[in-house]
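# Structural overview
Listed here are the chains, written in short residue letters.
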Amino acid sequence: MISQLFILSSKGDPLIYKDFRGDCGGSDVAEIFYRKVTELPGDQPPVVMHHKGYHFVHIRHFSLYLVVTTSGGVSPFILLELLSRLATLLSDYCGSISEKTLSLNVALVYELLDEVLDYGYIQTTSTEMLRNFIQTEAVVSKPFNLFELSSVGLFGAETQQSKVAPSSAASRPVLTGRSDQSHKNDVFLDVIERLSVLIGSNGSLLKVDVQGEIRLKSFLPSCSEMRIGLTEEFCVGKSELRGYGPGVRVDEVSFHGSVRLDEFESHRILRLQPSQGELTIMRYQLSDDLPSPLPFRLFPSVQWDHGSGRLQVYLKLRCDLPPKSQALHVKLHLPLPRGVASLSQDLSSPEQKAELGEGVLQWDLPRVQGGSQLCGLFQMDVPGLPDPPSPAPPLGLGPASLSFELPRYTCSGLQVRFLRLTAPGTPGNTSPHTWVRHLSHSDTYVIRI
Amino acid sequence: MPYLGSEDVVKELKKALCNPHIQADRPRYRNVIQRVIRHMTQGVDVSSVFMEMVKASATVDIVQKKLVYLYMCTYAPLKPDLALLAINTLCKDCSDPNPMVRGLALRSMCSLRMPGVQEYIQQPILNGLRDKASYVRRVAVLGCAKMYNLHADSEVDGTLVNELYSLLRDQDPIVVVNCLRALEEILKHEGGVVINKPIAHHLLNRMPDLDQWGQAEVLGFLLRYQPRSEEELFAILNLLDSSLQSSSPAVVMAATKLFLVLAKEFPHVQTDVLVRVKGPLLTACSSESRELCFAALCHVRRILRSLPGHFSSHYKKFFCSYSEPHYIKLQKVEVLCELVNDENVQQVLDELRDYCTDVSADLAQAAIFAIGAIARTYTDQCVQILTELLVLRQEHITSAVVQTFRNLVWLCPQCMEAVCQALPGCEENIQDSEGKQALIWLLGVHGETIPNAPYVLEDFVENVKAETFPAVKMELLTALLRLFLSRPAECQDMLGRLLYYCIEEEKDMAVRDRGLFYYRLLLTGIDEVKRILCSPKSDPSLGLLEDQAERPVNSWVSEFNTLVPMYSKACWAAISSPQVSEPHGPEPSGNGVLSASGSLVSENKEERQPLCDSGSFLLLPNGQLTAEQFEKTWLSLEVAHREVFPWQGVAHPDTIQTALQMVNIQTIALSKAGVQPWKAYFSAQDGAGCLFLTELLLDPEQSQVRLSVKQSQAKAEALNSFISVLKTVIGTIVGIKS
């Protein structure tokens, strides 16, 4: 059972504090926690901490700390899952979760906590059930405007070509409901894949891992049945093969409990009755065999002149996406040896930018078209090396890591064929807008040098 | 948190709350109340507006009510008399037609943590248990637990307990789970809620109705149920099969634990279950939530203890990625070194070698120690990698490599030659105490095969004045004395200088005593020195010391899916160890120490006699036991005596071993100095042939030592005599150290 729950800002100010049982110290626990978490020596795992007979378990959500205290006898998985569910709930209700939105919506958050936990026991976390009990309306920090096109997101909608939903459309409170009727009936379906890749210094592929999920955010007030059609060639496991093409294969799939799978075997259709709010319908993962080539290849060459202490790094980045696709916000991050001072650069196109951060070289490429190749030549001085400098390059160079987003692209090849709502939402309203988006982004994409 | 000007704020709030204009304007009124709550959250003491808040509770605005009740629950313990005023409103709300209001009022009323509230809440709770709205029943059921905990000393109300047991059959799944929780708390002195066969099967049937939290908790309660027959057991396992594939990690882990516990007599079922949760566990290990990932990794390590090869084919999942936080990387390194096998050893070592040059010194050292652990099986490859790392001439790397070498030489003597070749030159790149100690130890013990060993030690002797760590000086003394035995010509002069320095100039008493001890030992003749210093060493083949032994699943299953695996071993030991009661050890006075250490050194057969002879109790000098015999006997015996006493300073193996040798207690195995947890095993035999096996476990954080003695024949008197001898000796050593 949980004794207390509190949310701290990154600076340690308590934003929310609730004591359920009154058995784990007074309200100074938040202070104790913050002191402990900031004073930790580097090698201690900070997820759980102990203080005078009770335990702190916390997660970090963006810059906030969500913390529970317990006197033990409870599964860490329940606590961690609850905390992340709570973070989702709060962003469902407040639009987004940040220091500002939380302090604007104190009453709403306490109301939620009151229903989610009683005497430290979890009661319910379903958005649908909680909706009946929540009376406060969310205060949104900035009024939402659907037509604010300056913030057009990285992914447009594919199903409705005439309209483009800004990326912020999905980050508004689920339950603003009563005041603006017009935006009530949007459904967002996102296929999001996280890619973690490790490439050895000889160019060999050491590890590929794709973690995918299909996430649904529904603003529909009533529960109409939804049918989601996935790529027909979709198959699970190594043995199964469908269709004649190469197929879209994943290693493992798990579905949310509310998904009905009667048509999954035959037609790859998922059926469910979504409630308002966010829901992860399906998670899948795939490792080692990707159907398509990796999005990026890096060909580095490093020259080290130990006489003058000059380090020359030549990076060639090749994008192996199909020519029509592109990668956005590509950032290459290369740790450098300690004490690197001056940087001279020679980049292949003007929109790129490279700068020297704290001990790292940051190379920004805002947009990379599939099939293109970009290169940069960087020269640096490494002063203050021990005498005599060793012939091996100094420690701390590399590995390079890339971060990027690939809109309208999934590495596994999984696509949502259609999204249909069988019973339209509220009568008298226009039919709901459905937005289907595909996105891959890098979790870690590391290339050893 | 002292907030400046908080008094003004409270005054202003009070004024606003009393203002009739604001009270009439509902949004403004609510706004003021929200500000009170906000200040309360920040730690400002706003209890002085309690009266005004009580007034604000009489409203039809349900949001305002919720806020006021939240306020009351927080400050009721401070203002019990004022809180009683609010009871009226709360009681009235408990019979409101709106179930939401009823529930809210009942929940708040039960959460007022103040004495005397019990008499007011009893009736509303009983009404609530029979309410037709499930929402109110949920609240009322937990209300029973709250009421009971307010007066934990009161008698358990039998009718209430029966009512709760019958509510286990309620329609609403949350009421069912709440009943279990409430019963658990009310009956905690009687061992918690009883799960008999009908209840167990009822719960199993309700499983599909529950949400993930309910499922996870019910699975926890089912751990208590003991199926009557094998058929029933397997029927239950079949029913729960789908829980193992749940998308919620909490349910999967709870189900895994239940399976492992229920099938504790069927190891093949346990293995099968662990194979089946491999997928979900690996998913959690690469989860987007770092914290979940960490929890999963900790549990993977537990599983690997019993099934070392379990995740070997998935080793790539445990490669660190660049952006992961430190604590995950360290866990992954630990996991990696536990799942090596013949097929993946090359890849894993390549990966670990990359971490060795990581910018973070902690990770680099962890990776080096991990390679050292792998080296116990794959010695040649690892020693080669480690030797190559020395070329980098980085301080933290060299130090870690030398420490690894020290442990390796001890465990795998066959790699001695390679290590000895790699050592020369290391001394230039070691600055920290641990690394220096390791290097000096290696030079002392294997000095005869390292040509320049005396010259390296000579450098240390030259600079001993500037040395800041006493432990290094002590290690240097021992090492030099050892080397003197094998290469006297090169060492005699500097040994003299070092002893002179330690005795005449050294400020640290422990070092000085060590110097004196060796000096007097040398006076007794070279044969005696050899007998003491080169006495049988602790045996590396002893599994007990290493703690590497494979453990059966049943040994850790009770800790599975709790917070225990989330702490490091040392950390958990510190949390769970009982507080030291009274120091039991003999109080070493200044005189006692001197005479004791004097008698230790000017030892003679006749003088030794009184020390180990207490009454008719006599330990035999030739009670030699091999490590295997010891281990076998140790595991077969029960602990006859357990004790905790305080311990200061660093346990130095050689001193302890030498001192105990004097009273005929033989050292079987010792950890290196500074290793955590530090352990030692001793054996002794008395005249009647009774064996005494002893374990010392040092906990440096609490500065206490745990002593367990096992006895081959149950003789209380002999046991007491043995313990008093042992404690006298240890007390003397502790005295020297302190």
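Residues numbered from 1 in each chain as written. Chains lettered and ligands numbered in written order. Predicted model: local features only at pLDDT ≥ 70, side-chain atom pairs only at ≥ 80, totals over all residues. Heavy atoms only, no water.

Chain B is annotated in an unreviewed UniProt entry as AP complex subunit beta of Phascolarctos cinereus. Listed under Sequence similarities (unreviewed entry) in UniProt, the entry text for chain B is "Belongs to the adaptor complexes large subunit family." Its UniProt record gives chain B a comment under Subcellular location (unreviewed entry), which states: "Golgi apparatus, trans-Golgi network membrane". (UniProt positions renumbered as here; feature names shortened; annotations may be inferred.)

With an unreviewed UniProt entry as reference, chain A is termed AP-4 complex subunit mu-1, source organism Phascolarctos cinereus. If you open the UniProt record of chain A and go to Sequence similarities (unreviewed entry), you find "Belongs to the adaptor complexes medium subunit family."

### Focus on the overall build of chain A
When you go through chain A residue by residue, the secondary structure sums to six helices and 25 strands. Long-range pairs, those at least 24 residues apart, make up 70% of the contacts in chain A between residues at least 6 apart in sequence. Carbon and sulfur atoms form 51% of the exposed surface of chain A, whose accessible area is close to 18300 Å². (Helix = DSSP H or I, 4+ residues; strand = E, 2+ residues; numbered from the N terminus. Contact = heavy atoms within 4.5 Å. Areas by Shrake-Rupley, 256 points an atom, 1.4 Å probe, with all protein chains shown as cover.)

### Topic: the interface of chain B and chain A
At the junction of the two partners, chain B supplies 74 residues and chain A supplies 81 residues. For the pair chain B and chain A, the summed buried surface comes to about 6800 Å²; carbon and sulfur atoms form 60% of the total. Linking chain B with chain A are nine salt bridges, by the criterion used here. The interface formed by chain B and chain A contains 30 residue pairs in polar contact (both at pLDDT 80 or more). (Buried area = accessible area lost by both parts, 1.4 Å probe. Salt bridge = Lys/Arg side-chain N within 4 Å of Asp/Glu carboxyl O. Polar contact = N/O pair within 3.5 Å; in protein donor to acceptor, adjacent residues only side chain to side chain.)

### Brief notes about the sheet that holds strand S16 (residues 296-305) of chain A
All names here are of chain A. Spatially, S16-S17-S22-S19 is the arrangement adopted by the four strands of the open sheet, whose pairing is antiparallel. Two strands bound the open sheet, and with one partner strand each, they are S16 and strand S19 (343-347). Averaged over all pairs of adjacent strands, the angle between their axes in this sheet comes to 15°, without regard to strand direction. Here five bridges tie S19 to strand S22 (residues 373-381), and the two strands are oriented antiparallel to one another. Across the sheet, the residue bridging to Leu347 is Gly376, located in S22. (Pairing = 2+ DSSP bridges. Axes fitted to C-alpha atoms, helices over the stretch in contact; angles between N-to-C directions.)

### Examining the packing of helix H16 (residues 267-276) of chain B against helix H17 (residues 278-285) of chain B
All names here are of chain B. Close contact between H16 and H17 brings their axes to 4 Å; oriented N to C, the two are set at 40°. When the axis of H16 is compared with that of H17, the two are oblique. Residue-level contacts link Leu274, Val275 and Arg276 of H16 to Lys278, Gly279 and Pro280 of H17. Looking at the contact of H16 with H17 residue by residue, the class counts come to three nonpolar, one polar and two charged. (Parallel < 35°, antiparallel > 145°, perpendicular 65-115°, else oblique. Nonpolar A, V, L, I, M, F, W, Y, C, P; charged D, E, K, R; others polar.)

### Description of the packing of helix H20 (residues 345-356) of chain B against helix H22 (residues 379-390) of chain B
Residue and element names in this part refer to chain B. Interaxial distance between H20 and H22 falls to 11 Å at its minimum, and their mutual angle equals 20°. By the angle class used here, H20 and H22 are roughly parallel. Here H20 runs over H22; the crossing is right-handed. Packed against H20, whose contacting residues are Val345, Gln346, Leu349, Arg353 and Cys356, the element H22 presents Gln381, Cys382, Ile385, Glu388 and Leu389 at the interface. Of the residues that constitute the contact of H20 with H22, the class distribution is six nonpolar, two polar and two charged. (Left-handed = near helix turned anticlockwise from the far one by under 90°.)

### Considering helix H2 (residues 76-94) of chain A
Residue and element names in this part refer to chain A. For H2, built from 19 residues, the straight-helix expectation of 27 Å at 1.5 Å per residue is met to within 8% by its first-to-last C-alpha distance of 27 Å. Counting buried positions along H2 yields 17 of 19 residues, so the element is predominantly enclosed. Of the residues that open H2, the one with a side-chain oxygen 3.1 Å from the backbone nitrogen of Phe77 is Ser75. One or two positions beyond H2, positive phi appears at Gly95, with a value near 95°. (Expected span 1.5 Å × (residues − 1). Buried < 20%, exposed > 50% of the residue type's maximum accessible area, 1.4 Å probe, protein only.)

### Let's talk about helix H19 (residues 326-338) of chain B
Residue and element names in this part refer to chain B. For H19, spanning 13 residues, the distance from its first C-alpha to its last is 19 Å, which sits close to the expected 18 Å at 1.5 Å a residue. Here H19 lies mainly inside the structure; ten of its 13 residues are buried. Within H19, the full set of buried residues consists of Tyr327, Ile328, Lys329, Leu330, Gln331, Lys332, Val333, Val335, Leu336 and Cys337. Buried residues along H19 sit against helix H18 (290-306), H20 and helix H21 (361-374).

### Observations concerning the sheet that holds strand S23 (residues 400-407) of chain A
Residue and element names in this part refer to chain A. Reading across the sheet, the nine strands line up as S13-S15-S9-S8-S25-S23-S18-S21-S20 and stay open at both edges, with mixed pairing between neighbours. Strand pairing shows two members of the sheet lacking a second neighbour, strand S13 (252-255) and strand S20 (353-356), which therefore form its edges. Looking at each pair of strands side by side, their axes are set apart by 15° on average, direction ignored. Here strand S9 (residues 205-218) pairs with strand S15 (residues 277-287) via ten bridges, running antiparallel. Looking at S15, one finds that Ser218 is bridged to Gly277.

### Remarks on the domain arrangement of chain A
Note: interface size is frequently given as the accessible area lost on complex formation between the parts. Residue and element names in this part refer to chain A. According to the domain assignment, chain A consists of domain 1 (2-132), domain 2 (191-196 + 205-291 + 414-440) and domain 3 (296-385 + 395-407). Each partner contributes to the interface: domain 2 provides four residues, whereas domain 3 provides four residues. Across the domain 2/domain 3 interface, buried area totals approximately 330 Å², and carbon plus sulfur atoms make up 62% of it. Three residues, Leu195, Leu439 and Ser440, lead the burial of domain 2 against domain 3; their summed loss comes to 78% of the area buried on that side. At the boundary of domain 2 with domain 3, the tally comes to zero salt bridges. (Domains from an automatic or database assignment.)

### A look at the nonpolar core
Grouped together as the largest cluster of nonpolar side chains are 267 residues, with contacts concentrated most on B:Tyr71, B:Ile195, B:Phe318 and B:Ile374. Top contributing element to this core by residue count: H2(A), with twelve residues. Beyond its immediate stretch of four places on either side in the chain, B:Ile195 contacts B:Leu180, B:Ala200, B:Leu203, B:Phe221, B:Leu222, B:Arg224 and B:Tyr225. A:Leu294, A:Phe296, A:Leu321 and A:Leu361 belong to the second largest nonpolar core, which has 41 residues in total. (Core = buried A, V, L, I, M, F, W, Y, C linked by side-chain atoms within 4.5 Å.)

### Some points on the pattern of salt bridges
Applying the stated rule across the entire model yields 49 salt bridges over all chains. Residues A:Glu263 and A:Arg227 are paired through a salt bridge, measuring 2.9 Å at the closest nitrogen-oxygen approach. Of the two residues, A:Glu263 is situated in the loop between S13 and helix H6 (264-267) and A:Arg227 in strand S10 (residues 226-230); the sequence distance between them amounts to 36 residues. Between B:Glu528 and B:Arg531 there is a salt bridge, with its nearest N and O atoms 3.3 Å apart. In this pair, B:Glu528 and B:Arg531 both sit in helix H30 (residues 526-533), three residues apart, roughly one turn of the helix. Accessibility expressed as a relative area gives 38% for B:Arg531, which makes it partly exposed. A single network of salt bridges, built from pairs that share partners, joins A:Glu225, A:Arg227, A:Arg260, A:Asp262, A:Glu263 and A:Arg271.

### So, the side chain of B:Gln437
Among the secondary structure elements, B:Gln437 is positioned in helix H25 (residues 433-445). Filtering out sequence-adjacent residues up to four positions away, B:Gln437 remains in contact with B:Arg406, B:Ala471, B:Val472 and B:Glu475.

### With respect to the packing of aromatic side chains
Taken as a whole and judged by the stated rule, the model has 24 aromatic pairs over all chains. Ring centres of A:Phe133 and B:Tyr135 lie 4.4 Å apart, and the angle between their planes is 20°; on these two criteria the pair is classed as stacked. Of this pair, A:Phe133 sits in the loop between helix H5 (127-131) and strand S8 (186-199) while B:Tyr135 sits in helix H9 (residues 134-150), each in a different chain. Look at A:Phe133 and you get buried, because its relative accessible area is 13%. By relative accessible area, B:Tyr135 is classed as buried at 8%. Relative to A:Tyr445, the ring of A:Phe404 has its centre 5.2 Å away and its plane inclined at 75°; by these criteria the two rings are edge-to-face. In this pair, A:Phe404 is assigned in strand S23 and A:Tyr445 in strand S25 (residues 433-447), connecting sequence segments 41 residues apart. Accessibility assignment for this pair places A:Phe404 and A:Tyr445 in one class, buried. Ring-pair connections join several aromatic residues into one group, and the members of that group are A:Phe6, A:Tyr17, A:Phe33, A:Tyr34, A:Tyr54, A:Phe56 and A:Tyr65. (Phe/Tyr/Trp six-rings, centres within 6.5 Å; stacked < 30°, edge-to-face > 60°.)

### So, the pairing of S8(A)
Residues and elements named next belong to chain A. For S8, a buried count of 14 out of 14 residues is recorded, marking the element as mostly surrounded by other parts of the structure. Burial along S8 is two-sided: Asp186, Phe188, Asp190, Ile192, Arg194, Ser196 and Leu198 facing one way and Val187, Leu189, Val191, Glu193, Leu195, Val197 and Ile199 facing the other are all buried. Bridging between S8 and S25 involves 14 bridges; their strand directions are parallel. Opposite Asp190, over in S25, you have Arg437 as the bridge partner. Taken together, the 13 bridges between S8 and S9 define a ladder with antiparallel strand orientation. Residue pairing in the sheet places Phe188 in a bridge with Lys217 of S9. The hairpin formed by S8 and S9 contains five residues between the paired strands, and Gly203 there has a positive phi angle of roughly 85°.

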